[in-house]
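# Descriptive structure summary
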Amino acid sequence: MAGTCIVGAYNTQFGSFIQKNKETGEITDTKSIYQLMDEAIRGAVEDSGMAPEEIDAIWVGSFAPALFTNQDHIGPYALESYPEAFRFKPAQRVEGACASSSMAILNAIYGIESGRYKTVLVVGVEKMNLLKSAGVTHALAGASFWPTEGGTGMTFPGLFAEYAKGYQKKYGFGDEQLRRMLASAGALMYRNGVLNPLAHFGKGGPSDKYQLFTADAIMGLPEEKNPVVAAPLRLHDCSLVTDGAAALVISRTDIAMARKDAVVEFAGLGHTTERMAIADRENMHELIAAKKAVAQAFGEAGISSKDLKAVEVHDCFTINQLLCTEALGLSEDGGAGRDYVAGRFSPGDACPVNLSGGLKAKGHPVGATGASMHVLLYKQMLGKPIGAARAAGVPDVTATLNVGGSAVTNSVTVLRRIK
Ligand code: COA
């Protein structure tokens, strides 16, 4: 089976790219889904040093472009970045909720592994902010099991609140104890985020303005500045509603070795699916399916968690940052909260978590998130970090853990620098 490598990568600025008329409430788009996609695609192809003609096929990860922007069938739009070179090439959209672009990456890799393609393009994109809050919540709820969850008023903060309650019950944590654990995880993301020039909550943003860089600072906010969204989760436990795109060019390993001075390979892949409704799951205190995806990816790469030098995990809610940290084996079960309180996983740690600022600070344009995790880790592994860097040196083995829905779709990749 052919090995596969990242040969080009690009991440757009993440943020809320709209203008709101204060009097009428009318929303104007200041950076469209089309502009975001185009910027990411051109950026990745230019970064790869390959000619657009060399791209054999294109995968676009996007969760709900029709609900957010009225544009379904977004896959073919990728052609417009290089109409002459891309016209008539296969292009398709992949949907896997918040793991849409990780699903696109896996399918693109399978395309190379099958022997059909040599070099492929993956782009992840979501333009969320044209909708008001209620519309965003409704669109996201479509990734739950509608009959018993979204359709009965359950929201994503509500679904992950169930994990938070399960975690608290299983390990007997007090309310304040859990709150501090979650706030410690969030504060680390805010500290990393202000160093990332592409972050939604970056330098000069809300977390910087209010200096939310410690658990105490977050916990000391007045109630109205950090209200309960779905108990026990508060506003600052939730990821951001973000517009953005990220893209990768992926090639067969022999091509990458011949063409690039530095090469990062996909060393291991894991993909598992959990039952869709949380009512059908036991163990609401751990990510069972994600743990199985980790075992697959680590087995394929021949590594253990001790080999990891940096990871990007799916902190859609601070509780999920803890659960992902445990799923990757970086903390023992029930131990991640204490580890975050103790200051672990910062850029000074042996294995920093979310140097990018994660979904909490970099932002979470859902369909772009998986691709973005890979772009930022790839840059770290080349020694060209965007934002915070690992203090103990350039990481040579890293992993992503991206989940879709209420931890239903689980993708794990292990990346290894091989040149
Ligand atoms: N974290 C921290 N601050 C946030 C925030 C978040 N997630 N979302 C909004 N804010 C801040 C805004 O900056 C604004 O601050 P200001 O008053 O100082 O200007 C304030 O909160 C109000 O912003 P608004 O956009 O009106 O918030 P909202 O109530 O519409 O949205 C959430 C808040 C939590 C509902 C929204 O961020 C959300 O849905 N997040 C989760 C997204 C999600 O579920 N993704 C999929 C995960 S699987």
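Because the structure is a prediction, the values reported are computed rather than measured.

### So, the overall build of the protein
- What the protein contains, in helices and strands, is 15 helices and 13 strands.
- For 419 residues, the compact-globule estimate of 2.2 N^0.38 gives 22 Å, and the C-alpha radius of gyration of the protein, at 20 Å, lies within 12% of that figure.
- With the principal axes as the frame, the protein shows a C-alpha extent of 55 × 55 × 40 Å.
- Within the protein, buried positions represent 61% of all 419 residues.
- In the protein, the share of contacts with a sequence separation of at least 24, taken over all contacts with a separation of at least 6, comes to 77%.
- Taken together, the 40 basic and 43 acidic charged side chains of the protein have centroids lying 2 Å from each other.

### Examining the sheet that holds strand β5 (residues 91–94)
- Across the sheet, nine strands lie side by side as β5-β4-β6-β9-β1-β10-β13-β12-β11; this open sheet has mixed pairing. Strands with a single pairing partner mark the edges of an open sheet, and in this sheet they are β5 and β11 (310–313). For this sheet the average axis-to-axis angle between neighbouring strands, irrespective of direction, equals 25 degrees.
- Relative to strand β6 (residues 119–126), strand β4 (residues 57–61) runs parallel, the two sharing five bridges. Within β6, the position partnered with A57 by the bridge is V120.

### Thoughts on helix α4 (residues 100–113)
- The end-to-end C-alpha distance of α4, which contains 14 residues, comes to 20 Å, matching closely the 20 Å that a straight helix rising 1.5 Å per residue would cover.
- Downstream of α4 by one or two residues, G115 has phi in the positive range, about 95 degrees.

### Focus on the side chain of N196
- With respect to the helices and strands, the residue N196 is situated in the loop between α7 (175–193) and α8 (206–209).
- The exposure class of N196 is buried, given its relative accessible area of 1%.
- At 2.8 Å, the side chain of N196 and the backbone nitrogen of L198 are in polar contact.
- Beyond its immediate stretch of four places on either side in the chain, N196 contacts G202, S356, K362, L376, I386 and G387.

### Thoughts on the nonpolar core
- The biggest cluster of nonpolar side chains holds 78 residues, and the ones touching the most others in it are L308, V311, I319, L322, L328 and L401.
- Of all the elements, α7 adds the most residues to this core, at nine residues.
- Other than its neighbours up to four places away in sequence, L328 contacts V294, F298, S305, V311, V313, A399 and L401.
- By size, the runner-up hydrophobic cluster in this structure holds 35 residues, among which are I105, Y117, A371 and V375.

### Looking at helix α11 (residues 288–301)
- When the terminal C-alpha atoms of α11 are compared, their 20 Å separation across 14 residues agrees well with the 20 Å that a helix rising 1.5 Å per residue should span.
- Against the buried residues of α11 lie β10 (264–273), α12 (318–327), β12 (397–404) and β13 (409–417).
- Of the residues one or two after α11, G302 is the one with positive phi, at around 70 degrees.

### Here's the deal with the state of the cysteines
- The full count for this structure, using the stated rule, is zero disulfides.
- Cysteine C324 shares no disulfide, and the gap to the nearest cysteine sulfur, in C316, comes to 7.2 Å.

### Let's talk about the environment of R259
- Relative to the elements of secondary structure, R259 occurs in helix α10 (residues 253–259).
- Judged by its relative accessible area of 43%, R259 falls in the partly exposed class.
- Along the sequence, R259 and E326 sit 67 residues apart, while their C-alpha atoms lie 37 Å from each other.
- Setting aside anything within four residues of it in sequence, one finds R259 in contact with G49, M50 and E54.

### Focus on the pairing of β4
- Buried residues dominate β4, accounting for five of its five residues.
- Covered by surrounding structure in β4 are A57, W59 and G61 together with I58 and V60, the residues of both alternating faces.

### Remarks on the site of the ligand
- Around the ligand sit 18 residues in total, of which S133, L235, C238, S239 and K360 are the nearest.
- Within the contact set of the ligand, an oxygen atom lies 2.7 Å away from a side-chain nitrogen or oxygen of S133.
- Protein chains shield 66% of the accessible area of the ligand, which is 910 Å² for the free molecule.
- Looking at the shell around the ligand, its residues break down into 12 nonpolar, four polar and two charged.

### A short note on the packing of helix α6 (residues 156–171) against α12
- Running from N to C, α6 and α12 cross one another at 60 degrees; their axes reach a closest spacing of 9 Å. By the angle class used here, α6 and α12 are oblique. Note on packing geometry: the crossing formed by α6 with α12 is left-handed. Along its contact with α6, which presents F160, Y163, A164 and Y167, the element α12 presents I319, N320, L322, L323 and E326.
- Looking at the contact of α6 with α12 residue by residue, the class counts come to seven nonpolar, one polar and one charged.

### Re the packing of aromatic side chains
- A full pass over the atoms with the stated rule returns 11 aromatic pairs.
- Note on Y82 and F86: the rings are 5.2 Å apart at their centroids and 70 degrees apart in plane angle, and the pair reads as edge-to-face.
- Here Y82 falls in the buried class, since its relative accessible area comes to 15%.
- Overall, the relative accessible area of 0% leaves F86 in the buried class.
- Taken together, F156, F160, Y163 and F317 form an aromatic cluster joined through their ring pairs.
- The ring of F17 carries the charged tip of K31 above its face, separated from the ring centre by 4.6 Å.
- Across from the ring centre of Y82, 5.1 Å away, lies the NZ or CZ of R42, which sits over that ring.

What counts, and where the lines are drawn
- Residues numbered from 1 in each chain as written.
- Predicted model: local features only at pLDDT ≥ 70, side-chain atom pairs only at ≥ 80, totals over all residues.
- Heavy atoms only, no water.
- Helix = DSSP H or I, 4+ residues; strand = E, 2+ residues; numbered from the N terminus.
- Rg over C-alpha atoms; globule rule 2.2 N^0.38 Å.
- Buried < 20%, exposed > 50% of the residue type's maximum accessible area, 1.4 Å probe, protein only.
- Contact = heavy atoms within 4.5 Å.
- Lys, Arg positive; Asp, Glu negative; His and termini not counted.
- Charge placed at Lys NZ, Arg CZ, Asp CG, Glu CD.
- Pairing = 2+ DSSP bridges.
- Axes fitted to C-alpha atoms, helices over the stretch in contact; angles between N-to-C directions.
- Expected span 1.5 Å × (residues − 1).
- Polar contact = N/O pair within 3.5 Å; in protein donor to acceptor, adjacent residues only side chain to side chain.
- Core = buried A, V, L, I, M, F, W, Y, C linked by side-chain atoms within 4.5 Å.
- Disulfide = S-S within 2.5 Å.
- Near = heavy atom within 4 Å.
- Areas by Shrake-Rupley, 256 points an atom, 1.4 Å probe, with all protein chains shown as cover.
- Nonpolar A, V, L, I, M, F, W, Y, C, P; charged D, E, K, R; others polar.
- Parallel < 35°, antiparallel > 145°, perpendicular 65-115°, else oblique.
- Left-handed = near helix turned anticlockwise from the far one by under 90°.
- Phe/Tyr/Trp six-rings, centres within 6.5 Å; stacked < 30°, edge-to-face > 60°.
- Lys NZ or Arg CZ within 6 Å of the ring centre and 35° of its normal.

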